[in-house]
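Observations on the three-dimensional arrangement
Below are the chains, spelled out letter by letter.
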Amino acid sequence: MQESERQAEIRAIAQSQNFQVGQQIAATVKNIKGKEVTYELPGGIKLTVKEPKKYGELSVEQAVQVEILELRENGTPKKVKSVS
């Protein structure tokens with residue numbers, strides 16, 4: 001299967017960032033819809049997660065720290081949670 005341009009870009013970002021489970025990184029809140037929050041991580045990776053306890057405290061464009069809970073096979077974060 002041919003890798004798309006975006007997939008190659010994400011793989012390069014993952015390699016350069018060297019994400020690790022348990023690592024805390026800076027992120028920006030991009031959207032809040034109900035209890036789901038979309039974070040933009042370094043390298044332009046966007047990830048939407050449920051934040052039932054934090055969503056009310058967050059606002060769009062707010063800078064936050066997130067902890068990586070799980071990684072995908074390609075090394076990009078699959079699951080994060082807000083820690084700040």
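Higher on the page you've got the structure.
Note that the structure is predicted; figures quoted are calculated from it, not measured.

Considering the sheet that holds strand E2 (residues 36-41)
Strand order in this open sheet of five strands is E3-E2-E1-E4-E5, and the pairing throughout is antiparallel. Here the strands that pair on one side only, and so sit at the sheet edges, are strand E3 (45-50) and strand E5 (77-82). Pairs of neighbouring strands in the sheet enclose a mean axial angle of 45°, with direction left out of account.

Section: the pattern of salt bridges
Inspection of the entire model under this criterion finds four salt bridges. Of the charged contacts, one joins Glu 9 and Arg 6 as a salt bridge, the two residues approaching to 2.8 Å between their closest N and O atoms. Taken as a pair, Glu 9 and Arg 6 lie in helix H1 (residues 5-17) at a separation of three residues, close to a single helical turn. Judged by relative accessible area, which is 40%, Glu 9 ranks as partly exposed. On the basis of relative accessible area, Arg 6 is assigned to the partly exposed category, the value being 36%. In this structure, Lys 30 and Glu 61 form a salt bridge, with 3.2 Å as the shortest nitrogen-oxygen distance.

Some details on the side chain of Thr 76
Tracing the chain through its elements places Thr 76 in the loop between strand E4 (63-71) and E5. Once residues lying within four places of it in the same chain are set aside, the contact partners of Thr 76 are Ile 10, Ala 14, Phe 19, Ile 45 and Leu 71.

Parameters at a glance
- Residues numbered from 1 in each chain as written.
- Predicted model: local features only at pLDDT ≥ 70, side-chain atom pairs only at ≥ 80, totals over all residues.
- Heavy atoms only, no water.
- Pairing = 2+ DSSP bridges.
- Helix = DSSP H or I, 4+ residues; strand = E, 2+ residues; numbered from the N terminus.
- Axes fitted to C-alpha atoms, helices over the stretch in contact; angles between N-to-C directions.
- Salt bridge = Lys/Arg side-chain N within 4 Å of Asp/Glu carboxyl O.
- Buried < 20%, exposed > 50% of the residue type's maximum accessible area, 1.4 Å probe, protein only.
- Contact = heavy atoms within 4.5 Å.

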